[in-house]
Amino acid sequence: MKYVTTMMAMVVFMVGAAHAQVITNNLVGYWQFDGDLTDTTGNNHMGVGGGTLDYVAGQIGNALNLDSAEYAITAANIINTVYGANARTMNVWFNDDVGGTEAFVSYGRGGQADLFEMILYSPGTTWGGHFWGGGVYETALSGVVPAIVVGQWHMATLVYDGVNISVYSDGALVGGYGLALNTCGLGGTQLYAGSSSSTANADYDGQLDDLALWDRVLTGPEIQSIYDAGVAGNDIYSLLSSGAPGTLIYGK
Ligand SMILES: [Ca+2]
Ligand SMILES: [Ca+2]
Ligand SMILES: [Ca+2]
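Residues numbered from 1 in each chain as written. Chains lettered and ligands numbered in written order. Predicted model: local features only at pLDDT ≥ 70, side-chain atom pairs only at ≥ 80, totals over all residues.

Peer 1: What's the story with the overall build of the protein in this structure? I'm lost.
Peer 2: A tally of regular secondary structure across the protein gives 2 helices and 14 strands. Here the protein holds 252 residues, and 41% of them are scored as buried. A separation of at least 24 residues holds for 64% of the contacts in the protein among residues at least 6 apart in sequence. (Helix = DSSP H or I, 4+ residues; strand = E, 2+ residues; numbered from the N terminus. Buried ≥ 20, exposed ≤ 12 C-beta atoms within 10 Å, placed from the backbone. Contact = placed C-beta atoms within 7 Å.)

As structure tokens, this is what we get:
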């Protein structure tokens with residue numbers, strides 16, 4: 001009986017493992033800001049877009065320290081798997097210096113459903129996804145995030161599955177709703193860190209850390225794992241051997 005139980009447990013484990021995602025699967029860009037703008041996946045090179053960038057102690061190693069005139073931008077358009085209505089997950093840690101209406105990560109253009117950005121809403125105590133164009137595209141996500149604190153580190157996550165936006169704040173799902181995105185595929189598709197790709201007067205001042213973009217949906221447990229690792233000062237790669245959801249389970 002013990003043998004049978006053990007075998008059944010192994011089968012359950014193996015079936016579960018076969019369907020599990022490794023946290024780095026479909027990771028298309030990961031900027032850790034540990035003193036430079038390197039994308040540690042090897043893709044999507046980023047450079048200085050404005051000002052003179054500097055680095056300070058962050059949530060995970062160092063962080064990018066920005067004033068309103070400073071931002072970083074990818075040298076080339078980000079890959080085309082995160083265009084249109086394709087699935088994606090954007091995740092970043094931020095620590096806002098002074099509250100205001102400020103886009104902190106952004107790509108796309110200023111057409112309805114064409115923009116994909118994270119924006120702080122004045123006076124900086126909440127943030128939301130911002131997709132331009134009024135109505136649901138502009139405002140509906142601004143009220144779902146519980147109050148955040150200016151001057152403290154928070155983790156922001158937007159997940160799009162092709163039909164619905166899900167919003168996570170500090171690792172927890174806080175809201176979401178249906179949205180027909182059509183993020184542009186030509187022009188304006190460079191990724192901005194610390195500014196908007198299209199929204200005027202929405203430059204971010206504060207710190208950014210550990211910006212990551214996947215062309216897949218991350219699960220709630222995966223996002224919670226990223227948050228828990230980050231709270232301990234550990235990056236996404238640390239999850240590859242931790243046993244947490246998204247862990248590299250065997251062999252790959
Ligand atoms: Ca860092
Ligand atoms: Ca800025
Ligand atoms: Ca600010």
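Peer 1: How should I be thinking about unusual backbone geometry in this particular structure?
Peer 2: If a residue is not glycine, its phi is most likely negative; likewise, a peptide bond is most likely trans. For the bond from serine 122 to proline 123, the omega torsion is 10 degrees, close enough to zero to count as cis. Along the chain, proline 123 turns up in the loop between β8 (115-121) and β9 (126-130). Of note in the backbone geometry, aspartate 170 takes a positive phi value of approximately 50 degrees without being a glycine.

Peer 1: Would you explain the environment of histidine 45 in this entry?
Peer 2: Note that histidine 45 resides in the loop between β1 (27-31) and β2 (46-50). Exposure remark for histidine 45: the 13 C-beta atoms within 10 Å place this residue in the partly exposed category. Along the backbone, histidine 45 and alanine 76 are 31 residues apart, and their C-alpha atoms lie at a distance of 7.2 Å.

Peer 1: For this particular structure, what's the right way to read the sheet that holds strand β5 (residues 71-74)?
Peer 2: Read across the sheet, 6 strands follow the order β2-β5-β13-β7-β8-β9 without closing on themselves; strand pairing throughout is antiparallel. Among the strands making up the open sheet, the edge pair consists of β2 and β9. Bridging between β8 and β9 involves 5 bridges; their strand directions are antiparallel. Directly across from methionine 118, in β9, lies its bridge partner glycine 129. (Pairing = 2+ DSSP bridges.)

Peer 1: When you look at the pairing of β1 in this model, what are you seeing that I'm missing?
Peer 2: On a regular strand, each side chain points to the face opposite its neighbour's, so the side chains alternate between the two faces of the sheet. Burial analysis of β1 places 5 of its 5 residues in the buried class, the great majority of the element. Relative to strand β14 (residues 206-214), β1 is paired through 4 bridges, and the arrangement is antiparallel. Residue pairing for β14: tyrosine 30 is matched across the bridge by alanine 212.

Peer 1: What is the right way to look at the nonpolar core in this model?
Peer 2: Proteins that are soluble and globular tend to have nonpolar side chains buried together. Grouped together as the largest cluster of nonpolar side chains are 62 residues, with contacts concentrated most on Leu64, Val92, Phe104, Val105, Met118, Ala193 and Leu208. Among residues more than four places away in sequence, those in contact with alanine 193 are Trp31, Leu64, Tyr71, Ala72, Val105, Leu208 and Leu211. (Core = buried A, V, L, I, M, F, W, Y, C linked by C-beta atoms within 7 Å.)

Peer 1: Before we go on, may I ask you to explain the pairing of β8 in this structure?
Peer 2: Of all 7 residues making up β8, 6 are buried, and the element is well covered by its neighbours. Bridging between strand β7 (residues 102-108) and β8 involves 6 bridges; their strand directions are antiparallel. Bridge assignment links serine 106 to a residue of β8, and that residue is glutamate 117. The antiparallel hairpin formed by β7 and β8 contains 6 residues in its connecting segment, where alanine 113 sits at a positive phi of about 70 degrees. The hairpin formed by β8 and β9 contains 4 residues between the paired strands, and glycine 124 there has a positive phi angle of roughly 90 degrees.

Peer 1: Sorry, what's going on with the confidence of the model for the protein here?
Peer 2: Detail in the predicted coordinates should be disregarded across regions flagged by low pLDDT. When pLDDT is averaged across the protein, the result is 86; 85% of the residues are at 70 or more. Under a pLDDT of 50 for its full length, residues 9-18 has, in the predicted model, 2 contacts with residues more than four places off or in other chains. (pLDDT = per-residue confidence, 0-100.)

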